[in-house]
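Residues per chain, in single letters:
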Amino acid sequence: MDFELSSDQKLLLTSLEGLLDPFRSPPIGGHRYVEYSVELQAELIKSGFLDVASESGYGLLDAALLVEEIASCPVSVEVAASTLISPLIGGFGSPIALSWGVDRPARYLKQAKIVCLFRHDGVLVGTPAPDELDPIESVVAYPLATLRAVPSDAVHYTGNIAATIRRRALIGIAAEAAGVMRGALQLTVQYVKDRQQFGHPLGDFQAIQHRLAEDAQLIHACRTLAFRAAYEDDDRHAAVACLYAQEAIRKIIYDCHQFSGAMGLTLEYPLHLWTYRLKYLQGEAGGKARQGQLLAQEVWRPQAAADGRQAYA
Amino acid sequence: MEFGWTEAQQAVRGKVCSFLDAHLPSRWEQMACLSPGSEAVTNFSKSFCPSLAEAGLLIPHWPAEYGGADASTWEHFIIGEQMWEAGEPRGPQYYNVNWIGPTIMKFGAPEQKELHLNRMRQGDVIWCQGFSEPSGGSDLAALRTRAERKDDRYLINGSKIWTSYARLAEFCFLLARTSSERRAISVFLLPMDRPGITVRPIQSVVGDGDLHEVFFDDVEVHESERLGPEGGGWEVVRYALNFERIGIPRYALALRTLHRSVAALIRDDGFSEAVQGAAASAYAACEAARLLVYEVVDQRARSSPSTGITSMARYAIVTAERGVADFVLDWTPHLFASDEDPMVATHHKRAIAAGIAVGAAEIQLNLIARDMLGLGASRGL
Ligand SMILES: Cc1cc2nc3c(=O)[nH]c(=O)nc-3n(C[C@H](O)[C@H](O)[C@H](O)COP(=O)(O)OP(=O)(O)OC[C@H]3O[C@@H](n4cnc5c(N)ncnc54)[C@H](O)[C@@H]3O)c2cc1C
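Just so you know, these numbers come straight off a predicted model, no measurement behind them.

Cut-offs and rules
Residues numbered from 1 in each chain as written. Chains lettered and ligands numbered in written order. Predicted model: local features only at pLDDT ≥ 70, side-chain atom pairs only at ≥ 80, totals over all residues. Heavy atoms only, no water. Helix = DSSP H or I, 4+ residues; strand = E, 2+ residues; numbered from the N terminus. Rg over C-alpha atoms; globule rule 2.2 N^0.38 Å. Buried < 20%, exposed > 50% of the residue type's maximum accessible area, 1.4 Å probe, protein only. Contact = heavy atoms within 4.5 Å. Lys, Arg positive; Asp, Glu negative; His and termini not counted. Charge placed at Lys NZ, Arg CZ, Asp CG, Glu CD. Domains from an automatic or database assignment. Buried area = accessible area lost by both parts, 1.4 Å probe. Salt bridge = Lys/Arg side-chain N within 4 Å of Asp/Glu carboxyl O. Polar contact = N/O pair within 3.5 Å; in protein donor to acceptor, adjacent residues only side chain to side chain. Nonpolar A, V, L, I, M, F, W, Y, C, P; charged D, E, K, R; others polar. Pairing = 2+ DSSP bridges. Axes fitted to C-alpha atoms, helices over the stretch in contact; angles between N-to-C directions. Near = heavy atom within 4 Å. Core = buried A, V, L, I, M, F, W, Y, C linked by side-chain atoms within 4.5 Å. pLDDT = per-residue confidence, 0-100. Expected span 1.5 Å × (residues − 1). Bend = angle between axes of the 7 residues up to and from the residue.

Here we come to the overall build of chain B. Along the backbone of chain B there are 13 helices and 8 strands. In terms of overall dimensions, chain B is globule-like: its C-alpha atoms have a radius of gyration of 21 Å, near the 21 Å expected for 381 residues. Projecting the C-alpha coordinates of chain B onto the three principal axes gives extents of approximately 70 × 50 × 45 Å. Here chain B holds 381 residues, and 59% of them are scored as buried. Taking contacts inside chain B between residues at least 6 apart in sequence as the whole, the part at least 24 apart equals 73%. Positive and negative side-chain charges of chain B, numbering 37 and 48 respectively, have mean locations separated by a distance of 5 Å.

Rendered as structure tokens:
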């Protein structure tokens with residue numbers, strides 16, 4: 001166990017910093033529901049950051065660190081699937097869209113080089129054809145579209161690879177949600193320090209402090225659980241991380257909006273660029289109900305050891 | 001950053017588990033249910049801890065010069081985690097090994113070390129912690145018990161409350177005021193058989209032996225029984241609490257209880273999808289608490305100063321305890337209301353205090369808000 005970043009991990013994140021700097025602040029005068037950044041997506045591809053999991057000396061944990069860090073910015077770019085899933089399907093390019101069903105809204109379909117379509121019998125991986133897509137206009141802060149049909153060139157993955165793709169999707173959701181939540185909380189904490197009512201900054205009131213402190217604890221745990229899931233790369237840790245994140249999201253969204261008052265509901269104020277990504281992530285991959293079942297099956301299969309003692313290996 | 005166990009760490013865990021298998025009596029679970037401060041567990045601890053010491057598992061983390069093996073913080077922690085999961089067969093003696101012993105090593109005079117550390121490493125001495133008072137709970141600095149100097153002695157007058165293990169303790173790690181100035185507090189290593197001490201058990205829902213009132217009526221202590229300088233009590237307490245920052249690994253017993261409850265549901269064909277979801281949420285809350293605690297252990301192992309992560313870990317533990325206790329009440333209420341599974345009862349009695357003892361949950365939130373979020377200090381810090 002070592003909770004400090006290694007020198008390689010620090011180097012990775014420091015070199016990412018320069019690239020992310022211009023995207024840390026919300027675009028001025030954006031007033032848009034979605035801030036998909038073509039530039040950042042291209043930079044990430046060009047600089048090789050998205051290939052980190054396949055580089056020697058690096059792995060999935062490092063990929064998850066990147067996913068979390070990039071997600072904390074107020075722009076949406078596709079990182080999770082490109083770093084965590086791409087190595088499994090031969091790295092055909094980036095972005096990669098994940099779709100949980102034909103006719104269901106999915107992120108990045110229009111921008112994607114590849115789509116992974118999850119089905120009960122495995123995962124279909126193919127090229128989304130532009131004329132088979134219907135873009136969606138919505139309040140969600142991710143670019144969304146639906147797939148009208150299965151891509152004609154789709155390869156059908158089953159068994160272990162399909163299970164691994166699915167698991168990595170959960171790890172990606174957990175790491176991404178942790179980063180988005182962190183960004184949302186950071187903005188909100190700054191807001192309650194700046195905004196004065198009753199002669200004090202809002203952040204002096206204990207009722208507000210306690211909820212934000214609970215949020216900080218939840219988010220810290222989300223990050224660490226996501227990193228551990230990436231490190232272990234097994235179904236149990238992936239389900240724990242994703243479940244915990246999808247449960248935390250609802251409270252983080254509610255509190256961040258609540259303490260930002262009416263300002264937080266405007267497009268002028270950037271909070272929605274985080275919270276309306278979270279709203280999408282909350283139900284992704286079946287949401288907490290699905291993750292809960294997955295986890296229960298992992299932990300209590302075939303049934304709990306009768307004396308309740310745990311394995312720590 | 002990495003999350004693996006070393007082989008040595010796994011070996012320690014294996015050794016502790018085998019030790020527990022070999023040394024816990026068949027009716028241990030019924031006994032554990034009586035709480036660590038009960039007469040039965042306290043007495044049991046006086047034979048269990050000497051065997052633990054013989055196996056090198058009582059104080060391996062103490063320095064060799066005090067009879068330990070200079071083992072790592074992690075080794076010490078793994079032992080504590082397994083002990084708590086088992087229902088804490090060390091009884092009240094976990095105090096001694098975790099923080100009273102190490103605090104005496106730091107501040108004790110040679111004779112104090114000789115007397116107390118020897119007893120602790122033998123594994124048969126019981127201590128209690130006399131901090132809280134009717135006037136000083138979360139606001140410990142409001143304590144009123146006085147130690148008035150008379151030449152080379154002090155006369156102690158006042159009272160303590162909620163003092164766990166007091167009735168069967170041989171010594172008390174006592175905080176008392178040595179002048180009227182709010183922060184002028186000193187620590188005494190007080191034998192509990194001194195004339196003038198009265199202990200009254202308080203009946204409670206947390207089990208026997210966990211709550212007492214202790215009254216001091218002109219109790220004499222010699223200055224050689226003071227730990228650290230007069231008026232220097234806060235420094236001693238801060239040092240002691242720094243050991244306590246890891247706290248009790250409560251999620252370990254919580255998880256065990258959750259497994260018991262689920263096993264009962266599976267047996268009765270009641271582990272439906274809805275129940276699975278609820279069980280998974282409680283499980284995830286325990287895992288979150290576990291990882292945050294591990295981060296605190298890691299900080300302590302590096303001798304880094306305590307950060308807001310400590311408060312986060314404590315708050316996550318409270319959430320996990322509540323998650324499991326609620327799961328049991330929601331889905332296996334019969335296990336709560338009966339003595340069918342003593343470990344479920346054990347957990348419930350201990351979990352109920354999680355958000356109160358050793359710094360209330362709200363105090364942890366105050367600290368997170370101040371130390372991690374940089375928000376203005378709320379009252380009570
Ligand atoms: C099982 C058990 C064993 C114990 N064993 C010992 C022992 O061995 N030795 C010992 O010295 N003490 C012991 N204690 C006492 C424990 O340390 C105190 O209960 C604790 O410090 C809280 O003090 P209090 O109970 O007086 O609560 P109070 O300080 O009266 O607080 C009550 C509640 O008010 C809220 N609160 C208090 N302050 C604030 C604030 N600033 N901001 C927001 N909310 C606040 C919290 O919710 C708190 O739980 C034990 C307690 C329990 C439950």
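We now examine the domain arrangement of chain B. Residue and element names in this part refer to chain B. As assigned here, chain B comprises domain 1 (7-124), domain 2 (129-233) and domain 3 (245-371). Listed as interface residues are 19 residues of domain 1 and, on the opposing side, 22 residues of domain 3. Contact between domain 1 and domain 3 buries roughly 1,800 Å² in total, counting both sides, with carbon and sulfur atoms accounting for 65%. Three residues, Glu29, Trp74 and Trp84, lead the burial of domain 1 against domain 3; their summed loss comes to 38% of the area buried on that side. Inspection of the region where domain 1 meets domain 3 yields 3 salt bridges. Among the salt bridges present, the one from Arg290 reaches Glu81, with a minimum N-O distance of 3.6 Å. At the surface where domain 1 touches domain 3, the tally comes to 9 residue pairs in polar contact (both at pLDDT 80 or more). Of the residues forming the side of domain 1 that touches domain 3, the biggest block, 8 residues, is contributed by helix H4 (residues 73-86). Of the residues in the side of domain 1 that touches domain 3, the class split is 9 nonpolar, 5 polar and 5 charged.

All names here are of chain A. Within the open sheet, the 4 strands sit side by side as E1-E3-E4-E7. Their pairing is mixed. Two strands in the sheet have a free side with no partner beyond their single neighbour: strand E1 (96-99) and strand E7 (155-157). Each adjacent strand pair in this sheet contributes to an overall mean axis angle of 20°, direction not counted.

Quick look at the interface of chain A and chain B now. Contacts between chain A and chain B engage 52 residues on the former and 58 residues on the latter. In total, about 5,200 Å² of surface goes out of reach between chain A and chain B, with carbon and sulfur atoms giving 62% of it. Joining chain A to chain B, the criterion identifies 2 salt bridges. Inspection of the chain A/chain B interface yields 20 residue pairs in polar contact (both at pLDDT 80 or more). Within the residue set of the side of chain A that touches chain B, elements represented by two or more residues are helix H3 (60-71), helix H5 (159-194), helix H6 (206-232), helix H7 (235-260) and helix H9 (287-299) of chain A. Looking at the side of chain A that touches chain B element by element, the count peaks at 16 residues for H6 of chain A. Its residues assigned to classes, the side of chain A that touches chain B shows 26 nonpolar, 15 polar and 11 charged.

The next point concerns the site of the ligand. Every one of the 21 residues lining the ligand counts as a neighbour, but Gln129, Ser132, Ser138, Ser164 and Glu362 of chain B are closest to it. At the site occupied by the ligand, nearby residues are drawn from chains A and B. Within the side chain of Gln206 of chain A, one N or O atom sits 3.0 Å away from a nitrogen atom of the ligand. Between a nitrogen atom of the ligand and a main-chain N or O atom of Gln129 of chain B, the distance comes to 2.7 Å. Residues belonging to the shell around the ligand are distributed by class as follows: 10 nonpolar, 9 polar and 2 charged. Here the shell around the ligand gathers at least three residues from each of two domains, domain 2 (129-233) and domain 3 (245-371) of chain B.

Residues and elements named next belong to chain A. A sheet is described by the order of its strands in space; here 3 strands give the open sequence E2-E6-E5, paired in antiparallel fashion. Across the chains shown, the open sheet's two edge strands, defined by having one partner strand only, are strand E2 (106-107) and strand E5 (133-136). Inspection of the sheet shows E5 paired to strand E6 (residues 144-147) by 4 bridges, in the antiparallel sense. In the strand pairing of E6, Leu133 is matched with Leu147.

This part covers the pattern of salt bridges. Residues and elements named next belong to chain B. According to the stated counting rule, one finds 42 salt bridges over all chains in the structure shown. A salt bridge links Arg13 to Glu81; its shortest N-O distance comes to 2.8 Å. With a gap of 68 residues between them, Arg13 in helix H1 (residues 7-23) and Glu81 in helix H4 connect regions that are remote in the sequence. Taken as a pair, Arg13 and Glu81 share a single burial class, namely buried.

Further remarks concern the nonpolar core. Of all hydrophobic cores here, the largest spans 218 residues; its most connected members are Leu44 and Met181 of chain A together with Phe173 of chain B. Ranked by residues supplied to this core, first place goes to H5 of chain A with 17 residues. Residues Ala97, Ala106, Leu109 and Leu133 of chain A belong to the second largest nonpolar core, which totals 10 residues.

It is worth spelling out the confidence of the model for chain B at this point. Detailed reading of the predicted coordinates is not advisable wherever pLDDT is low. Model confidence for chain B is summarised by a mean pLDDT of 95, while 99% of its residues fall at 70 or above. With pTM at 0.96, the complex prediction returns an ipTM value of 0.95.

Quick look at helix H5 (residues 94-107) of chain B now. Residue and element names in this part refer to chain B. Between its first and last C-alpha atoms H5 spans 20 Å; for 14 residues at 1.5 Å apiece the expected length is 20 Å, and the two agree. At Ile100, H5 shows its maximal bend, which comes to roughly 40°, and the proline Pro102 appears one to four places after that position. Most of H5 is tucked away: 13 of the 14 residues are buried.

Residues and elements named next belong to chain B. Note on placement: Gln112 falls in helix H6 (residues 110-122). Side-chain polar atoms of Gln112 contact the backbone nitrogen of Ala109, separated by 2.9 Å. Separated by 2.9 Å, the side chain of Gln112 and the backbone oxygen of Arg226 make a polar contact. In this structure Gln112 touches Ile104, Phe107, Leu117, Leu189, Ser224, Glu225, Arg226 and Leu227, once residues within four positions along its chain are discounted.

Glancing now at the pairing of strand E4 (residues 171-177) of chain B. Residues and elements named next belong to chain B. Counted residue by residue, E4 has 7 buried out of 7 residues, so it is predominantly covered. Alternating residues of E4 divide into Phe171, Phe173, Leu175 and Arg177 and Cys172, Leu174 and Ala176, and every residue in both groups is buried. The pairing of strand E1 (residues 127-130) with E4 spans 4 bridges and is parallel. The residue of E4 that forms the bridge with Trp127 is Phe171. Pairing analysis gives 7 bridges linking E4 to strand E5 (residues 185-191), with the strands arranged antiparallel. The residue of E5 that forms the bridge with Arg177 is Ile185.

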